[in-house]
Amino acid sequence: MSTDLTRLTAAQLSEKLVSGEVSSVEATRAHLDRIDSVDGAIHAYLHVAHDAALERAAEIDSQRAAGASLGALAGVPIAVKDVLCTLDMPSTAASKILEGWIPPYDATVVARLRSAGMIPLGKTNMDEFAMGSSTEYSAYGPTRNPWDHGRIPGGSGGGSAAAVAAFEAPVALGSDTGGSIRQPASVTGTVGVKPTYGGVSRYGAIALASSLDQVGPVSRTVLDAALVHDVIGGHDPRDSTSLDEMWPSFEAAARKGQQERSLKGVRVGVVKQLGGEGFQAGVTQRFTEALALMERAGAEIVEVEAPNFEYAIAAYYLILPAEASSNLAKFDSVRFGLRVTPEGGGTVEQVMAASREAGFGPEVKRRIILGTYALSAGYYDAYYGSAQKVRTLIQRDFDAAFEKVDLLVSPSAPTTAFEFGSKTEDPLSMYLNDITTIPANLAGVPGLSLPIGLAPEDGLPVGLQVMAPAREDARLYTFGATIEALLEEGWGHPILDLLPAQPVSGEAAHIAPAPGQGTEPEGGTL
Ligand code: GLN
């Protein structure tokens, strides 16, 4: 019984809650039990709110029994990335500097999911301050990919993606500054959406790079992502970058795709610069097959040039560290977080330096140094200024492409999930992994990743990235749900049905600290 409930999508669970077949307490308990049995091995969660989740579920059940009108996802559990502030749970962004910090307020997205009656199960693991593509930079040890415990679940939001893939939550929230929702979705066989910049509030999201950050949904189906997006999206006066406009129903957009299953008249652009050399053969193969499927469904496939995408990584890895170094200046040991006093005492500056030295991990320090250098007097124009110019050129590439096509597609990531430790020695090789996802952040356009099969050479999930013009998120949901429905028609089942059954006992797996902060986890056991 309890295992079955964890296999349901949020939409299916919602139907059973509405019909009274299942209570929210049962659904929540099933997920908590699942977490208890598998998370020792997966380590998707940094904090699990056992009691609060069950209490809240009981409240929703009694509201329903009393005939209250509840939202579509009322009573459905959800996991929350630890970068989001939560009033009743620690919010650490997976950093030692915020260990045990409980914010005095909820992020707007968290407040919205609570008022929609959703049940927060806990906080999920991530790369420290959302810097990374593997979750290996978490100060609390990495998350394992449910498909292969010797491999990364993607990053920075590996915890949210792994929780959803391992049936430890039906849906989750993530944040995406350069791909941290889409890339983990890609390598775990789940769905992830980075909304249009400004489409979802960042109030209460611990900032990484403010001109790039977006909060968004992680799920096992396109429809579930749409349902969560409907709950968290929309204008927020507390976020000055929030778009003040009416959004269509993303649920309706996804259902349209599910029902019609046709791409007649849809012009799909294949970005030449986001594929080819350097991409794993099996990734390219599945991507090519997906293009053929789109064509069969009536889409017109067009090759599109985006010449400036070549410079996206270089621009991003100047803009991001610059903004991050400024955002992270607030962790000074004075207002909140870790405080380390040097032996024998010290000046305020010495206390700050000692606290930041002890509280930040190696990748965070690297980016603070890089960003501070890029912003320093005399270098600003050469680095940050030039990067911003390149950013404008990338935006123009998108504008030109969207004059010709309705949507752009590419593989969501150049490879399937890589092995632990294979990229931590060389930061550049980690950064290069973001080639496909970064352009959308630089331009503020929405992007969705959905699974399109397993790579033949390693049996690991491959993701398709779909990008739309700004504000056209609904287009992603209709298109994504169409592709998903057509693929599942062929497969006869969702991709996660292929997730290998595995020894899930907590003792079986040893979770070690992140590379660079201790020893690496042992190899895969699947
Ligand atoms: N991999 C990217 C980085 O390390 C993604 C960050 C993000 O989206 N939060 O910056």
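Shown above is the structure to which this text applies.
Basis of the calculations
Sequence order sets the numbering: in each chain, residues are counted from 1 along the sequence as written. With pLDDT at 70 or above as the cut-off, local features in this predicted model cover only qualifying residues; side-chain atom pairs require 80 or more to be listed or tallied, and sums for whole chains, interfaces and linings still use all residues. In computing side-chain properties, one takes all heavy atoms of the structure into account and sets aside hydrogens as well as water. Think of it this way: any DSSP run of H or I at least four residues long counts as a helix, any run of E at least two long counts as a strand, and we number them from the N terminus. We compute the radius of gyration from the C-alpha atoms alone; for a globule the expected value is 2.2 Å times N to the 0.38, where N is the number of residues. Here the term buried applies to any residue with accessible area under 20% of the maximum for its type, exposed to any over 50%, and partly exposed to those in between, with areas from a 1.4 Å probe on protein chains only. Every residue pair with non-hydrogen atoms within 4.5 Å of one another is taken to be in contact. Values of accessible area rely on a 1.4 Å probe in the Shrake-Rupley scheme; residue burial ignores everything except the protein chains shown. If even one non-hydrogen atom of a residue comes within 4 Å of a molecule or strand, that residue is called near it. In the analysis that follows, any N or O atom pair within 3.5 Å is treated as a polar contact, provided that within protein one partner can donate a hydrogen and the other can accept it, and provided that, for residues neighboring in sequence, both atoms belong to side chains. Each residue receives one of three labels: charged for Asp, Glu, Lys and Arg, nonpolar for Ala, Val, Leu, Ile, Met, Phe, Trp, Tyr, Cys and Pro, and polar for the others, Gly being one of them. We call two strands paired when DSSP finds no fewer than two bridges between them. All axes are obtained by fitting lines to C-alpha atoms, using only the stretch in contact for helices, and the reported angles, taken between N-to-C directions, cover 0 to 180 degrees. Here the expected length of a helix is defined as 1.5 Å per residue gap, with one fewer gap than residues. Here, nonpolar core means buried Ala, Val, Leu, Ile, Met, Phe, Trp, Tyr and Cys residues that are tied together by side-chain atoms lying within 4.5 Å of each other. Two rings from Phe, Tyr or Trp (for Trp, the six-membered ring) form a pair when their centres are within 6.5 Å of each other. A pair whose planes differ by under 30 degrees is stacked, one over 60 is edge-to-face, and the rest are tilted. Each reported salt bridge corresponds to a side-chain nitrogen of Lys or Arg within 4 Å of a carboxyl oxygen of Asp or Glu.

Observations regarding the overall build of the protein
- If you tally the helices and strands in the protein, you get 17 helices and eleven strands.
- Taking 526 residues into account, the globule formula puts the C-alpha radius of gyration at 24 Å, and the protein, at 22 Å, falls close to it.
- Relative to its full complement of 526 residues, the protein shows a buried share of 61%.
- If you take every contact in the protein between residues at least 6 apart in sequence, the share linking residues at least 24 apart comes to 77%.
- Accessible surface computed for the protein: about 18900 Å², of which carbon and sulfur atoms make up 53%.

Notes on the site of the ligand
- Among the 16 residues in the neighbourhood of the ligand, the closest are listed as Thr177, Gly178, Ser180, Tyr316 and Asp434.
- Here an oxygen atom of the ligand sits 2.8 Å away from a polar atom, N or O, in the main chain of Gly132.
- Within the contact set of the ligand, a nitrogen atom lies 2.8 Å away from a side-chain nitrogen or oxygen of Asp434.
- The fraction of the free accessible surface of the ligand (300 Å²) that becomes covered by protein chains is 100%.
- Looking at the shell around the ligand, the element that brings in the most residues is helix 11 (residues 312-327), giving three residues.
- Split into classes, the residues belonging to the shell around the ligand amount to six nonpolar, seven polar and three charged.

Some details on the sheet that holds strand 2 (residues 77-81)
- Spatially, eleven strands are ordered 1-3-2-4-6-5-10-11-9-7-8 in an open sheet, and the strand pairing comes out mixed. Whereas interior strands pair on both sides, the edge strands pair on one side only; in this sheet they are strand 1 (45-48) and strand 8 (300-304). Sheet twist, expressed as the mean angle between neighbouring strand axes with direction ignored, is 30°.

Looking at the pairing of strand 9 (residues 407-411)
- Summarising burial for strand 9: five of the five residues are buried, a large majority.
- Inspection of the sheet shows strand 7 (residues 267-271) paired to strand 9 by three bridges, in the parallel sense. Looking across to strand 9, one finds that Gly269 is bridged to Leu408.
- Pairing geometry for strand 9 and strand 11 (residues 461-467), over four bridges, is antiparallel. The residue of strand 11 that forms the bridge with Ser410 is Gln465.

Notes on helix 14 (residues 381-404)
- Here helix 14 is 24 residues long and its end C-alpha atoms lie 34 Å apart, about the 34 Å a rise of 1.5 Å per residue gives.
- Listed as buried for helix 14 are Tyr384, Gly385, Ala387, Arg391, Ile394, Asp397, Phe398, Ala401 and Phe402.
- Close packing links the buried residues of helix 14 with strand 8, helix 11, helix 13 (362-375), strand 9, helix 16 (438-443) and strand 11.

What to know about unusual backbone geometry
- At the junction of Gly155 and Ser156, the peptide bond is cis and its omega measures out at 5° in the coordinates.
- Phi at Phe167 is positive, roughly 60°, even though this residue is not glycine.
- Along the chain, the position of Phe167 falls in the loop between helix 6 (158-165) and strand 4 (171-176).
- What makes Phe167 buried here is its relative accessible area of 3%.

A look at the nonpolar core
- With 124 residues, the main nonpolar core has Leu84, Phe129, Met294, Val409, Tyr477 and Phe479 as its most contacted residues.
- With sequence-adjacent residues up to four places away left out, Met294 is seen in contact with Leu263, Val268, Ala299, Ile301, Val409, Leu464, Phe479 and Ile483.
- Residues Ile60, Ala74, Ile119 and Ala162 belong to the second largest nonpolar core, which totals 22 residues.

Examining the side chain of Asn308
- Looking at where Asn308 falls in the secondary structure, it is placed in the loop between strand 8 and helix 11.
- Given a relative accessible area of 16%, Asn308 falls into the buried group.
- Residues within four places of Asn308 in sequence aside, it is in contact with Leu393, Ile394 and Asp397.

With respect to the packing of aromatic side chains
- Going through the model one piece at a time under the given rule, you end up with 15 aromatic pairs.
- Ring centres of Phe331 and Phe336 lie 5.7 Å apart, and the angle between their planes is 75°; this geometry places the pair in the edge-to-face category.
- Judged by relative accessible area, Phe331 falls into the buried class, the value being 3%.
- Overall, the relative accessible area of 25% leaves Phe336 in the partly exposed class.
- Centre to centre, the rings of Tyr380 and Tyr384 are 5.4 Å apart; their planes meet at 45°, and the pair counts as tilted.

Looking at the side chain of Ser355
- Residue position: Ser355 is located in helix 12 (residues 348-359).
- Setting aside anything within four residues of it in sequence, one finds Ser355 in contact with Ile97, Ser333, Leu338, Arg339 and Val340.

Quick word on the pattern of salt bridges
- Throughout the structure, instances matching the rule amount to 21 salt bridges.
- Its salt-bridge partner being Glu489, residue Arg261 comes within 2.4 Å of it at the nearest N-O pair. Pair noted here: Arg261 is in the loop between helix 9 (250-260) and strand 7 and Glu489 is in helix 17 (residues 473-491), with a separation of 228 residues, a long-range link.
- Note that Glu363 is salt-bridged to Arg366, the shortest N-O span being 2.6 Å. Of this pair, Glu363 and Arg366 both sit in helix 13, separated by three residues, roughly a single helical turn.
- The structure contains a network of salt bridges with shared partners spanning Asp88, Asp106 and Arg114.

By themselves, these observations are geometric and do not establish any function.
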